[in-house]
Amino acid sequence: MSAPAAVNTKTVAVLAQFATADQLLSAARAIRDAGYTHWDCHTPFPLHGLDRAMGIRRTKLPWLVLGGGLLGLLTALLMQLWMNGVSYPLVISDKPIFSVPANIPIAFELTVLFSAFGAFFGMLALNNLPLHYHPLYNNPEFRRATNDGFFISIEAKDERFDPSATIQLLNSLGARTVQNVEEME
């Protein structure tokens, strides 16, 4: 019998646990100021000021919803113009082929429908969802993030990521524990 093959693993993130929400907020400010861009905070409840501490900008989602609504409005008007003016024109008692007031209900409905599609699919795209798996899910300590744990994870794909320097930074910020998150190659 031969020996089992060695399992190659690679570091995908560093996970730090903090004792309190205030420690997490101050650590988030320090990590933002250090220039990291691919990192996240995980808390069991919303923390006031966490978005500002992380340096999160406003979302692009309202622009996607506006674009979807305008596309729905344009689609409805062009569709009705084609149907009533070209495909099946009805000229009755000298009424115009296209009239905006007659087309408002359909235009409204498609504007709302396309806005909803823009909101739903835009939210999924901007949040990189559905995310069925991440190596953080395998960490037994990370399960506390939904109960009583305060965590910061810094991804290895960050350009400033250096395993030893990142661990040293997180330790200097008062992390209770700091662990490498690894997955098989």
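Residues numbered from 1 in each chain as written. Predicted model: local features only at pLDDT ≥ 70, side-chain atom pairs only at ≥ 80, totals over all residues. Heavy atoms only, no water.

(A) Expanded view of the overall build of the chain. If you tally the helices and strands in the chain, you get five helices and four strands. Whereas a compact globule of 185 residues would reach a radius of gyration of roughly 16 Å, the chain reaches 26 Å, over 25% beyond that. Its C-alpha atoms put the chain at 85 × 55 × 30 Å along the principal axes. Taken across its 185 residues, the chain has 28% of its residues classed as buried. A separation threshold of at least 6 residues defines the contact pool for the chain, and within that pool the share at least 24 residues apart is 79%. Approximately 12,500 Å² of the chain is accessible, and the part contributed by carbon and sulfur atoms is 61%. Separation between the mean location of the 13 positive side-chain charges and that of the 15 negative ones in the chain comes to 5 Å. (Helix = DSSP H or I, 4+ residues; strand = E, 2+ residues; numbered from the N terminus. Rg over C-alpha atoms; globule rule 2.2 N^0.38 Å. Buried < 20%, exposed > 50% of the residue type's maximum accessible area, 1.4 Å probe, protein only. Contact = heavy atoms within 4.5 Å. Areas by Shrake-Rupley, 256 points an atom, 1.4 Å probe, with all protein chains shown as cover. Lys, Arg positive; Asp, Glu negative; His and termini not counted. Charge placed at Lys NZ, Arg CZ, Asp CG, Glu CD.)

(B) Local environment of the sheet that holds strand β1 (residues 9-18). Here four strands make up an open sheet; going across it, the order is β2-β3-β1-β4 and the pairing antiparallel. Across the chains shown, the open sheet's two edge strands, defined by having one partner strand only, are β2 (39-42) and β4 (177-184). Taking each pair of neighbouring strands and ignoring which way they run, the sheet shows an average axis angle of 25°. As paired elements, β1 and strand β3 (residues 150-155) share six bridges and run antiparallel to each other. (Pairing = 2+ DSSP bridges. Axes fitted to C-alpha atoms, helices over the stretch in contact; angles between N-to-C directions.)

(C) A look at the domain arrangement of the chain. Domain boundaries in the chain define domain 1 (9-58 + 134-184) and domain 2 (61-126). For domain 1 versus domain 2, the distance between C-alpha centres works out to 45 Å. (Domains from an automatic or database assignment.)

(D) Seen up close, the side chain of Asn-103. Assignment of secondary structure puts Asn-103 in helix α4 (residues 100-126). With a relative accessible area of 4%, Asn-103 lands in the buried category. Engagement of the side chain of Asn-103 in a polar contact is seen with the backbone oxygen of Ser-99, the distance being 2.8 Å. In this structure, Asn-103 is in contact with Leu-77, Gln-80, Asn-84 and Phe-98, ignoring residues within four places of it in sequence. (Polar contact = N/O pair within 3.5 Å; in protein donor to acceptor, adjacent residues only side chain to side chain.)

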